[in-house]
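Examining the three-dimensional arrangement
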Amino acid sequence: MEVYSNENEQVDALKGFFAQNGKALVVGVILGIGALAGWRYWSTHQDGSSREASARYQQVSTALDASKPETLNAAAKFASENSNTYGALASLDLAKRYVDSNQLDKAAAQLQSGLKATKDANLQAVLNLRLARIQLQQKQPDDVLKTLDAIKGDGWTAIIADVRGEALLSKGDSKGDSKGARDAWSKGIASDASPALKEMLQMKMNNLPG
């Protein structure tokens, strides 16, 4: 299973959640589709030292290239030196590059570092979701469920349900916990999710055995 296989279907749900919390631009940074817009947004809301961190984050994020280890090292150094939102965002970006090169252990460790760096509940939710997807690919369903339990906020219900269902389905015997997966996905469908995400969850339910 591709770690980020469902991210495109979840973009609408994530944007809606962040918009309700006044962070519509930040989601661009989190999803990797608008780093410059996110940087400009944050830079207007921070003091001088934070603006420096914001500018430096934009530089290391733009330069990231998995084929150039020095850019990964620069991002990792920045993340380790900035225990704030920018450090967490750098960890998120860096984890994506590690996933692209199939270095899942490094990606998971980077996300866990990012979680310690920020107190922003929305950013923590995204970091935990990415971590849960990696743990799912690593065949660690119990860790997935524990990670999902740390996510707070009704706006994440359907996305959590998606990953929770996959984790439950991977547990147990060859058929996994089909009932648990069905219950999780049903909860996601009943939530205030995007039509695309609801449709995806319904398709998964339709493919369950029995």
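Residues numbered from 1 in each chain as written. Predicted model: local features only at pLDDT ≥ 70, side-chain atom pairs only at ≥ 80, totals over all residues. Heavy atoms only, no water.

1. Some thoughts on the pattern of salt bridges
The final tally for this structure, using the stated rule, is 8 salt bridges. Asp-142 is paired through a salt bridge with Lys-171; the nearest N and O atoms lie 2.6 Å apart. One end of the pair, Asp-142, is in helix α9 (residues 141–149); the other, Lys-171, is in the loop between α10 (157–169) and α11 (178–190), and 29 residues separate them in sequence. Owing to a relative accessible area of 25%, Lys-171 belongs among the partly exposed residues under this scheme. Between Asp-149 and Arg-164 there is a salt bridge, with the nearest N and O atoms lying 3.2 Å from each other. In this pair, Asp-149 is assigned in helix α9 and Arg-164 in helix α10, connecting sequence segments 15 residues apart. (Salt bridge = Lys/Arg side-chain N within 4 Å of Asp/Glu carboxyl O. Helix = DSSP H or I, 4+ residues; strand = E, 2+ residues; numbered from the N terminus. Buried < 20%, exposed > 50% of the residue type's maximum accessible area, 1.4 Å probe, protein only.)

2. Regarding the packing of α9 against α10
Following both chains from N to C, one finds α9 and α10 inclined at 160°, their axes separated by 9 Å at the closest point. By the criterion of interaxial angle, the relationship of α9 to α10 is roughly antiparallel. The handedness of the crossing between α9 and α10 comes out as left-handed. On the side of α9, the interface is formed by Pro-141, Val-144, Leu-145, Leu-148 and Asp-149, while α10 contributes Ile-160, Val-163, Arg-164, Ala-167 and Leu-168. In terms of residue class, the contact of α9 with α10 is made up of 8 nonpolar, no polar and 2 charged. (Axes fitted to C-alpha atoms, helices over the stretch in contact; angles between N-to-C directions. Parallel < 35°, antiparallel > 145°, perpendicular 65-115°, else oblique. Left-handed = near helix turned anticlockwise from the far one by under 90°. Contact = heavy atoms within 4.5 Å. Nonpolar A, V, L, I, M, F, W, Y, C, P; charged D, E, K, R; others polar.)

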